[in-house]
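Overview (structure and organization)
Spelled out, the chains give:
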Amino acid sequence: LACAKHLCGGATDIALRSLLRRGGVPAAVCIATCCHHRCDAASYVNLPFLEELGLLAREGDVERLASMAGWAVGGRGDVAARRRLGMMAKRVLDLGRVAWLRDTLELPDAMLVHYIGKEVTPENIAIIAGG
């Protein structure tokens, strides 16, 4: 079982990858993701997913996508537009994690869920699987 709240950036990917060594024990996941701006190419679990979407054309594109994710909870300029882009970047990263759980860990029920209202926190998405 991988269960965590506020598992920052690449720590989420490290926790997910640790489930590969569970020795035949069924896997279950409930991780509230956050701090997507701390993700990087070295730790992210599903680079092929991002490649298939055409998001990895140049060196450093994972880090650029992660940086954009930080706009979801702050930023300057046209704040509303930047926040929307930031939320999209966060969702793309989390959907890659969901796809990895489905494909690599064979958890077909992997999904994203809102666990609390966005008026409480914009970091209100959890990845769940294996239920």
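These lines cover the structure that appears in this document, whether it is placed above or below. This one's a predicted model, so the numbers in the text were calculated from it and none came from an experiment. In this convention, every chain numbers its residues from 1, walking through the sequence in written order. Side-chain atom pairs in this predicted model are given and counted only at pLDDT of 80 or more, local residue features only at pLDDT of at least 70, and totals for whole chains, interfaces and linings cover all residues. For side-chain calculations, the full set of non-hydrogen atoms in the structure is used, while hydrogens and water are omitted.

**Remarks on the overall build of the chain**
Applicable threshold: Only DSSP runs of H or I reaching four residues or more are called helices, and only runs of E reaching two or more are called strands; each is numbered from the N terminus. Here the globule rule is a power law, 2.2 Å times the number of residues to the power 0.38, and the radius of gyration is based on C-alpha atoms. Residues are treated as being in contact if the distance between any of their heavy atoms lies within 4.5 Å. Note on areas: Shrake-Rupley, 1.4 Å probe, and residue coverage restricted to the protein chains presented here.
Of regular secondary structure, the chain possesses 4 helices and 4 strands. Reading the secondary structure of the chain in the N-to-C direction produces β-α-β-α-α-α-β-β. Rg of the C-alpha trace for the chain: 14 Å, near the compact-globule value of 14 Å for 131 residues, within the 12% margin. Counting only C-alpha atoms, the chain reaches 50 × 35 × 20 Å along its principal axes. Long-range pairs, those at least 24 residues apart, make up 61% of the contacts in the chain with a sequence separation of at least 6. In the form shown here, the chain has an accessible surface area of approximately 7100 Å², with 59% of it arising from carbon and sulfur atoms.

**Remarks on the packing of helix α1 (residues 10–18) against helix α4 (residues 79–103)**
Put simply, the rule is: Fitted lines through C-alpha atoms give the axes, limited to the stretch in contact for helices. The angle between two N-to-C directions lies from 0 to 180 degrees. In what follows, roughly perpendicular refers to angles from 65 to 115 degrees, roughly parallel to angles under 35, roughly antiparallel to angles over 145, and oblique to any angle outside these ranges. When residue character is reported, Ala, Val, Leu, Ile, Met, Phe, Trp, Tyr, Cys and Pro are called nonpolar, Asp, Glu, Lys and Arg charged, and the others, Gly included, polar.
Close contact between α1 and α4 brings their axes to 11 Å; oriented N to C, the two are set at 5 degrees. Considering their axes alone, α1 and α4 lie roughly parallel with respect to each other. The residues of α4 that touch α1, namely those facing T12, D13, L16 and R17, are R97, W100 and L101. For the contact of α1 with α4, the residue count by class is 3 nonpolar, 1 polar and 3 charged.

**Quick word on the side chain of D13**
The condition that has to hold: For every residue, the accessible area obtained with a 1.4 Å probe (protein chains only) is divided by the maximum for its type, and the residue is called buried under 20%, exposed over 50%, and partly exposed between those limits. The term polar contact refers here to a pair of N or O atoms within 3.5 Å; inside protein, the definition further demands a hydrogen-donor-capable atom paired with an acceptor-capable atom, and it admits residues adjacent in sequence only when both atoms are side-chain atoms.
Among the secondary structure elements, D13 is positioned in helix α1. By relative accessible area, D13 is classed as buried at 0%. Engagement of the side chain of D13 in a polar contact is seen with the backbone nitrogen of V45, the distance being 3.4 Å. For D13, the contacting residues outside a window of four places in its chain are C39, S43, Y44, V45 and R97.

**Focus on the pattern of salt bridges**
Threshold: Within this document, salt bridges are pairs made up of a side-chain nitrogen of Lys or Arg and a carboxyl oxygen of Asp or Glu, the two lying within 4 Å of each other.
Applying the stated criterion across every chain, the model contains 5 salt bridges. For the salt bridge of R64 with D61, the shortest nitrogen-to-oxygen distance reads 2.9 Å. Of the two residues, R64 and D61 both sit in helix α3 (residues 61–69), 3 residues apart, roughly one turn of that helix. What makes R64 partly exposed here is its relative accessible area of 37%. Of the charged contacts, one joins R91 and D94 as a salt bridge, the two residues approaching to 3.5 Å between their closest N and O atoms. Of this pair, R91 and D94 both sit in helix α4, 3 residues apart, which is roughly one turn of that helix. Shared partners join several salt bridges into a network, and the residues in it are D13, R91, D94 and R97.

**A short note on the sheet that holds strand β2 (residues 29–34)**
Defined as follows: Two strands form a pair only when DSSP identifies at least two bridges running between them.
Within the open sheet, the 4 strands sit side by side as β1-β2-β4-β3. Their pairing is mixed. Two strands in the sheet have a free side with no partner beyond their single neighbour: β1 (2–8) and β3 (111–114). This sheet shows a mean twist of 25 degrees between the axes of neighbouring strands, independent of strand direction. Across 4 bridges, β3 lies against strand β4 (residues 125–129) in antiparallel orientation. Among the inter-strand pairings, M111 is bridged to a residue of β4, identified as I128. On top of the sheet, α1 reaches β1 and β2; it is set at about 160 degrees to β1, its chief contact. On the sheet, α4 packs against β2, β3 and β4 and is oriented at approximately 5 degrees with respect to β4.

**What to know about the packing of aromatic side chains**
Applied cut-off: Here the aromatic set is Phe, Tyr and Trp, taking the six-membered ring for Trp, and pairing holds for ring centres within 6.5 Å; pairs whose planes are under 30 degrees apart are stacked, those over 60 apart are edge-to-face, and all others are tilted. Any Lys NZ or Arg CZ found within 6 Å of a ring centre and within 35 degrees of that ring's normal is scored as a charge over the ring.
In the structure shown here, the tally under the stated rule is 0 aromatic pairs. Positioned over the ring face of W71 is R82, at 3.8 Å from the centre of the ring.

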